[in-house]
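Residue strings, one per chain:
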Amino acid sequence: MSETITVAEMRALERRAIESGAVTGQELMERAGRGVVAAMFTTWPDLGDAERRAVVLCGPGNNGGDGFVVARLLAARGLKITTVLCGDPARLPPDARGNYDALSTKISRFDAARPFLDPLPDIVIDAVFGIGLARPIEGPLAALLKSLSDTPQTLRTVAIDIPSGLDAETGQILGHAMPCDLTVTFHQPKPGHLIGEGPAYCGKLVVEDIGLHPFNVPQICPPEA
Ligand SMILES: NC(=O)C1=CN([C@@H]2O[C@H](COP(=O)(O)OP(=O)(O)OC[C@H]3O[C@@H](n4cnc5c(N)ncnc54)[C@H](O)[C@@H]3O)[C@@H](O)[C@H]2O)[C@@H](O)CC1
Ligand SMILES: [K+]
């Protein structure tokens, strides 16, 4: 497993790549979504069988944006998709908003009634929070993650970038998190994938390359003024 990269280093790397003009945030998000879908089909080749149903839970940030990309790509491969936005569309960051708008299928708004889990789908994709988790998850979202943690083993669970509620630096759970069968992260693992509760909650960890390696140059600190 390649060495880890901190959240701050990952954000700086993405920023360098985007500022170089070589890639846009939108393209990085598309590559992330493609990587998640590829890892899902490698893990479960039967996903392409008829009548597979997936629920994609999308949060208010760019992790949710990855979720919209995954929802679109899975629908194109014949899965029956229910996409749920746990947040306000008007507050989505630009890259995520672009993919929200591009998603032709209906997007449900999250409410505690959770009609989308009855009947239980074949797979749930957790795109609620990624490396932007800033505080313990509380309220209806925590209740949702908890109820998903109590579902029968038959339900397949996938985390985009990191299981929501797992701190990407410390591997501690902030509030609640859903243990996942598969976690697909980007470029390099974050420390929280490998320490604390990380291994137990991530399940099988796949690291997808989204084309950032050329920008992974150590930053020479400017000489002390
Ligand atoms: N261009 C990019 O920046 C890329 C970002 N990517 C994805 O973007 C993610 C990072 O996106 P963001 O920085 O938007 O962060 P997140 O999408 O992880 O979440 C940030 C949002 O969640 C809210 N939030 C944080 N903790 C909360 C809590 N406990 N309760 C309620 N709301 C909470 C924040 O206010 C913010 O609106 C990555 O994990 C990855 O999945 C990838 O698509 C790669 C490219
Ligand atoms: K997530």
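Data block above holds the structure.
These numbers come from a predicted model, not from an experiment. (Residues numbered from 1 in each chain as written. Chains lettered and ligands numbered in written order. Predicted model: local features only at pLDDT ≥ 70, side-chain atom pairs only at ≥ 80, totals over all residues. Heavy atoms only, no water.)

A.B. asks: Sorry if this is basic, but what is going on with the packing of helix H2 (residues 25-43) against helix H4 (residues 94-102) here?
C.D. replies: Geometry of a packed helix pair, given as the angle between the helix axes and the separation of the axes. Their axes nearest at 9 Å, the elements H2 and H4 cross at an angle of 60°. Relative to H4, the element H2 lies oblique. Regarding H2 and H4, the two cross each other, and that crossing is right-handed. Of the residues in H4, those touching H2 at Gly 25, Gln 26, Met 29 and Glu 30 are Pro 94, Asp 95, Ala 96, Gly 98 and Asn 99. Tallied by class, the residues present in the contact of H2 with H4 amount to three nonpolar, four polar and two charged. (Axes fitted to C-alpha atoms, helices over the stretch in contact; angles between N-to-C directions. Helix = DSSP H or I, 4+ residues; strand = E, 2+ residues; numbered from the N terminus. Parallel < 35°, antiparallel > 145°, perpendicular 65-115°, else oblique. Left-handed = near helix turned anticlockwise from the far one by under 90°. Contact = heavy atoms within 4.5 Å. Nonpolar A, V, L, I, M, F, W, Y, C, P; charged D, E, K, R; others polar.)

A.B. asks: Sorry, what's going on with helix H5 (residues 139-149) here?
C.D. replies: One full turn of an α-helix is made of 3.6 residues, so residues set three or four places apart face in the same direction. Residues Leu 141, Ala 142, Leu 144, Leu 145 and Leu 148 constitute the buried set of H5. Across the axial projection of H5, the buried residues extend over an arc of 160°, all falling on one side. Among the structural elements, strand E1 (53-58) and strand E4 (123-127) are those in contact with the buried residues of H5. (Buried < 20%, exposed > 50% of the residue type's maximum accessible area, 1.4 Å probe, protein only. Arc of directions from axis to C-beta.)

A.B. asks: Mind showing me how you'd approach the pairing of strand E5 (residues 156-160) here?
C.D. replies: Taken across its five residues, E5 has four buried, putting it largely inside the fold. Of the strand pairs in this sheet, E4 and E5 are connected by four bridges, and their pairing is parallel. Its bridge partner lying in E5, Asp 126 is registered against Ala 159. For the crossover that starts at E4, traverses H5 and ends in the parallel E5, the hand is right-handed. Bridge count between E5 and strand E6 (residues 182-186): three bridges; the pairing is parallel. Counted as the bridge partner of Val 158 is Leu 182 from E6. (Pairing = 2+ DSSP bridges. Right-handed = clockwise from strand over helix to strand, strands pointing away.)

Scope: geometric values only; no functional claims are made or implied.
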